[in-house]
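# Examination of the molecular architecture
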Amino acid sequence: MKLENETGILEKFLDDWDFSETYLIYGTSTTANHLLEKLNGKLKIAGFLDSNEPMWGKIFQNLPVFSREEWKKNYWGTKIIVASGAYTEIRDFLTQEGLKEQKDFCDSRFLLGSYFAVTQNQVHLYRTDICITECCNLRCKKCNMMMPYYQAPKHRELEFLKRDIDNYFQWVDYVQLFNILGGEPFIYPYVEELTQYICEKYRSRIGQLEFFTNGIPRISDSLFEMIQTFQIGIQVSDYRNGIPFIAERVDAFLRRLKEKGIPYRRNIDNQWLDFGFPDYVNEYMSESELTDFFDRCYSPFRGLHNKKLYYCHLNTSAVCAGLFQEDRNDYFDLNHYDPAKKKALVLFDLGYTKKGYITFCKKCKGCFAVNEEYTHVAEQMDRKGR
């Protein structure tokens, strides 16, 4: 969305989504739980709407779960708050049904961001990723973090990362998802010190804290204990369909997680979304087409680096790798804290930029909502980039 004038945008949104009305919530996931927890009984809710048939007719948070058919029959005209990681798919369905975004339905992220910014001058964000190392134990072609394309990959300095995190939480009061990435984060030599630092200072201001790993490295018992103590999640990207010989190592890693009782999510993909970068150039779109592309893409992952919050973490990696020129439009500058600019940060997180898009859109095919092109999983490159 193009930011012409930031004054009153969040206030106008809250006026249109008055808490005196009764709403439906689309989704019965942790995102829905998070919405209800943060608003603590302030919302009037008739029930939940869900695309998943096994949920129909069940009770979630003491309220009924409806099918789409029940919604159309009994609750047509009731505004919908979408609380789901599948927002773009649900948005497309509701739009096809004739509903208008922000008028008839909205994303729970927009509602929470607006509410806390306007009523408490607080910054509540959905997701932020931080890359702690450019080094990886794999060289995957089409890696969305660009790791094989770094000319001189290195571990980020511990004090540099601490400074970025301190600076971020000076601005941000709460973030629902805070993800620690690489490269491969578990090969970072100071991963325990950094984890201890984040958790002791900021764990209470993070909903879900997670590591993203390929499951190949071995982890020390002391780090496992820290992960248990601070309730850190693990997301395992299992690339065995592309690299069969890693299966034994990944299975051993998963067994240790189970033995330790550590929650994890495991993704085994047969194919990867092809974002296009670094070869693709989106050179034929007009300014209005780029804005539409950006709005429909709805990238969920912000990137924290060098006292800047980038709208898209792919953009962050491309800049850090020296593959893309940084543009002031594409990030929010966190360097000089100013409480008067908290709403501006929230607006940026919700997709408002000076150009109406980020310049990296010209080099990217986008996320699932706008991109149907795929590539092989974890196809390995040699040192010459082949």
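Below is a short write-up of the structure.

Thresholds applied
- Residues numbered from 1 in each chain as written.
- Predicted model: local features only at pLDDT ≥ 70, side-chain atom pairs only at ≥ 80, totals over all residues.
- Heavy atoms only, no water.
- Helix = DSSP H or I, 4+ residues; strand = E, 2+ residues; numbered from the N terminus.
- Buried < 20%, exposed > 50% of the residue type's maximum accessible area, 1.4 Å probe, protein only.
- Lys, Arg positive; Asp, Glu negative; His and termini not counted.
- Salt bridge = Lys/Arg side-chain N within 4 Å of Asp/Glu carboxyl O.
- Contact = heavy atoms within 4.5 Å.
- Disulfide = S-S within 2.5 Å.

## A closer look at the side chain of Lys363
If you trace the backbone, Lys363 turns up in the loop between α12 (342-349) and β16 (374-375). No salt bridge is formed by the buried Lys363. Its closest oppositely charged neighbour is Asp279, at 6.9 Å. Ignoring any residue separated from it by four or fewer positions in sequence, one finds Lys363 in contact with Phe275, Phe277, Pro278, Asp279, Tyr280, Val281 and Phe324.

## What to know about the pattern of salt bridges
The tally for this structure, following the rule as stated, stands at 24 salt bridges. Of the charged contacts, one joins Lys72 and Glu97 as a salt bridge, the two residues approaching to 3.3 Å between their closest N and O atoms. Separated by 25 residues along the polypeptide, Lys72 in helix α3 (residues 68-74) and Glu97 in the loop between α4 (87-96) and β6 (105-107) bring together distant segments of the chain. Its relative accessible area of 38% is what places Lys72 among the partly exposed residues. Lys308 serves as the salt-bridge partner of Glu326, at 2.9 Å between the closest nitrogen and oxygen.

## A few points about the state of the cysteines
Under the defined criterion, the tally for this structure stands at zero disulfides. In this structure Cys367 is a free cysteine whose sulfur lies 3.9 Å from that of Cys297, the closest cysteine sulfur available. Look at Cys367 and you get buried, because its relative accessible area is 11%.

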